[in-house]
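Take a look at the letters that make up each chain.
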Amino acid sequence: MRKRTRFIEHWRLMRPRQWTKNIFVLSPLFFSFAFLEVGNWLPSLIAVLCFIALSASVYIVNDINDRDEDRTHPRKKYRPLAAKTITSSGALLQMAGLLMFAFSAALLFLPMAAVQVMLAYLAVQAVYSFHFKKILPNPQFKIRPLPRSNFELWIWVLVKNGS
């Protein structure tokens, strides 16, 4: 596979269309008028980037986990792992890099409480992905994890308060 094509497949694996959800980390910045203080912008943007990397790594785990089922799905069969345009080992390396970036940036630039919220987010997602997702066979009745925006709000509050 050409390098450009491989890059595009790894980019698709991170599901960039889903990243808009991570903008909610910034909503308290606006609603509290804290955006007027320039010092609030950098930590908030770092938190958004951390959450983009974190959520992308969760999508990768789910795609690895569901790749065999996805191959028989009319739309999901085109995802990189289901279509076999990326190997599972390549996806795992990408996930590890995203997690290293997210936690390194958080440890360097955000309060420790933000890192703890990120760990809680991963724990909830893991329980959902490896347990609750498989309990009920009908997708419309599946249990959903806590809304991501709650975690994003917590991260922003922690970044803002520095606690």
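Every chain's residues receive numbers from 1 upward, in the order its sequence appears when written. For a predicted model such as this one, the threshold for reporting local features is a pLDDT of at least 70, and the threshold for listing and counting side-chain atom pairs is 80 or more; totals across whole chains, interfaces and linings nevertheless cover every residue. With hydrogens and water stripped out, all remaining heavy atoms of the structure feed into the side-chain values.

### Some remarks on unusual backbone geometry
Thinking step 1. At Arg15, a position not held by glycine, the phi torsion is positive, near 50 degrees.
Thinking step 2. Secondary structure elements follow DSSP: runs of H or I of four or more residues count as helices, runs of E of two or more count as strands, with numbering from the N terminus. Within the element layout of this structure, Arg15 appears in the loop between α1 (3-13) and α2 (27-31).
Thinking step 3. Each residue is assigned to one of three classes by its accessible area relative to the maximum for its type, calculated with a 1.4 Å probe on protein chains only: buried under 20%, partly exposed between the two thresholds, exposed over 50%. What makes Arg15 buried here is its relative accessible area of 17%.
Thinking step 4. The phi angle at Lys84 is positive, at roughly 60 degrees, despite the residue not being glycine.
Thinking step 5. Turning to its location among the elements, Lys84 is positioned in the loop between α3 (41-70) and α4 (88-109).

### Thoughts on the confidence of the model for the protein
Thinking step 1. Per-residue confidence from the predictor is reported as pLDDT, which spans 0 to 100. Looking at the protein as a whole, its pLDDT mean stands at 80, while 80% of the residues score no less than 70.
Thinking step 2. Pairs of residues are marked as contacts when any of their non-hydrogen atoms sit within 4.5 Å. Contacts for the low-pLDDT stretch residues 141-147, under 50 throughout, to residues beyond four places or in other chains number twelve contacts.

### Overview of the pattern of salt bridges
Thinking step 1. Counted as salt bridges are all cases of a side-chain nitrogen of Lys or Arg within 4 Å of a carboxyl oxygen of Asp or Glu. Within the structure shown, the criterion is met by five salt bridges.
Thinking step 2. Its salt-bridge partner being Arg12, residue Glu9 comes within 2.9 Å of it at the nearest N-O pair. Note that Glu9 and Arg12 are positioned in helix α1 at a spacing of three residues, about one turn of the helix.
Thinking step 3. Given the relative accessible area of 35%, Arg12 is considered partly exposed.
Thinking step 4. Where Arg15 meets Asp63, a salt bridge forms, and the shortest distance between an N and an O atom there is 2.3 Å. Of this pair, Arg15 sits in the loop between α1 and α2 while Asp63 sits in helix α3, and the two are 48 residues apart along the sequence. Residue Arg15 shares its accessibility class with Asp63, and that shared class is buried.
Thinking step 5. One salt-bridge network, in which partners are shared between bridges, spans Arg15, Asp63, Asp70 and Arg79.

### Comments concerning the nonpolar core
Soluble globular proteins: nonpolar side chains tend toward being buried together.
Thinking step 1. Judged by nonpolar contacts, the single largest core of 33 residues is most densely connected at Cys50, Ile60, Ala91, Leu110 and Met118.
Thinking step 2. Within the residue set of this core, elements represented by two or more residues are α3, α4 and α5 (112-135).
Thinking step 3. Per element, the largest residue contribution to this core is twelve residues, and it comes from α3.
Thinking step 4. If near-sequence neighbours (up to four positions away) are discounted, Cys50 is found in contact with Ala102, Ala105, Ala106, Leu110 and Met118. Working definition of a nonpolar core: buried Ala, Val, Leu, Ile, Met, Phe, Trp, Tyr and Cys residues. They are joined through side-chain atoms within 4.5 Å.

### Some thoughts on α4
Thinking step 1. Take the residue count of a helix, subtract one, and multiply by 1.5 Å to get its expected span. Helix length check: α4, at 22 residues, gives a terminal C-alpha distance of 31 Å against a target of 32 Å (1.5 Å per residue), a fit within 8%.
Thinking step 2. Turning to α4, its buried residues are Gly90, Ala91, Gln94, Met95, Leu98, Ala102, Phe103, Ala105 and Ala106.

### Comments concerning α1
Thinking step 1. Among all positions in α1, only Glu9, His10 and Leu13 are buried. The buried residues of α1 occupy an angular sector of 95 degrees when the element is viewed end-on, so they sit on one face. Exposed residues on α1 whose side chains face more than 90 degrees from its buried face are Arg4 and Phe7.
Thinking step 2. Packing partners of the buried residues in α1 comprise α3 and α4.
Thinking step 3. Directly beyond the C-terminal end of α1, a positive phi value near 50 degrees is found at Arg15. This arc corresponds to the set of directions leading from the helix axis out to the C-beta atoms.

### Some words on the environment of Ile64
Thinking step 1. Among the secondary structure elements, Ile64 is positioned in helix α3.
Thinking step 2. For the pair Ile64 and Thr87, spaced 23 residues apart in sequence, the C-alpha separation works out to 9.3 Å.

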